[in-house]
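So you can see what is in the structure, the chains are spelled out below.
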Amino acid sequence: METAETTNHPENHELVLMMSNKPEASQSSDISQKLVLLASFVKELQTQSHLIHFNYEGSNFLDIHNFLKDQYELHLKQFDQLGEFVRILNYWMPMCSCGLKDALGSCFKNIESYECTSQLRVYYDNLGTLENMIKLIQPAVESSDLYDVAHYLAELLSQTSKACWMIRSVIRDKY
């Protein structure tokens with residue numbers, strides 16, 4: 001098991017990647033499992049951002065509504081790309097949403113309030129967790145000479161960091 005402190009809330013908890021590292025598993029299989037976790041996480045972000053897109057109410061509704069539409073569309077593309085990398089590595093993706101949830105483990109925060117800042121805050125925290133997951137996975141990918149995957153993870157990190165910055169700019173004065 002690998003851990004990393006989350007950057008958005010270092011005082012809250014440590015992120016635990018929910019994977020077993022079996023000694024007999026090949027490095028490609030280990031990386032594939034980590035990519036399945038990332039894919040599961042971004043799929044959950046896609047659903048979360050889509051639901052916030054529907055439920056958000058506030059004076060900045062149109063801006064947030066449009067931003068979240070871009071986000072859930074981007075998360076769907078991210079899910080697709082990560083899933084394709086898993087298959088390129090000759091590893092299986094889960095067969096259904098239940099399998100995705102099982103792969104996810106307990107590292108994803110669910111929204112518990114319709115209050116607009118609260119919704120964005122949870123989404124922001126989950127994006128921060130995704131940033132940390134990418135940073136934990138990146139070294140193994142780079143050491144395996146999977147240059148295409150490493151390049152994509154850098155792109156994914158950049159997209160995620162930008163989304164965090166944009167949300168932080170909206171909620172900064174509200175917490």
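Residues numbered from 1 in each chain as written. Predicted model: local features only at pLDDT ≥ 70, side-chain atom pairs only at ≥ 80, totals over all residues. Heavy atoms only, no water.

**Regarding the pattern of salt bridges**
Evaluation of the coordinates by the stated rule reveals five salt bridges. In this structure, the salt-bridge partner of Glu 44 is Lys 101, at a minimum N-O distance of 2.9 Å. Linking Glu 44 in helix α1 (residues 27-55) with Lys 101 in helix α3 (residues 97-104), this pair joins segments that are 57 residues apart in sequence. Residue Lys 101 is classed as partly exposed on the basis of its relative accessible area, which comes to 44%. (Salt bridge = Lys/Arg side-chain N within 4 Å of Asp/Glu carboxyl O. Helix = DSSP H or I, 4+ residues; strand = E, 2+ residues; numbered from the N terminus. Buried < 20%, exposed > 50% of the residue type's maximum accessible area, 1.4 Å probe, protein only.)

**Some words on the packing of aromatic side chains**
Using the criterion set out here, one finds two aromatic pairs in the structure. Ring plane angle 50° and centroid distance 5.8 Å describe the contact between Phe 85 and Tyr 152, whose orientation is recorded as tilted. With a gap of 67 residues between them, Phe 85 in helix α2 (residues 61-88) and Tyr 152 in helix α5 (residues 147-171) connect regions that are remote in the sequence. You'll find Phe 85 and Tyr 152 in the same group, each marked buried. One residue, Lys 43, lies across the ring of Phe 79, its end atom 5.3 Å from the ring centre. The aromatic ring of Trp 92 is capped on one face by Arg 87, whose charged end is 4.2 Å from the ring centroid. (Phe/Tyr/Trp six-rings, centres within 6.5 Å; stacked < 30°, edge-to-face > 60°. Lys NZ or Arg CZ within 6 Å of the ring centre and 35° of its normal.)

Function-wise, these values are silent; they only describe arrangement.
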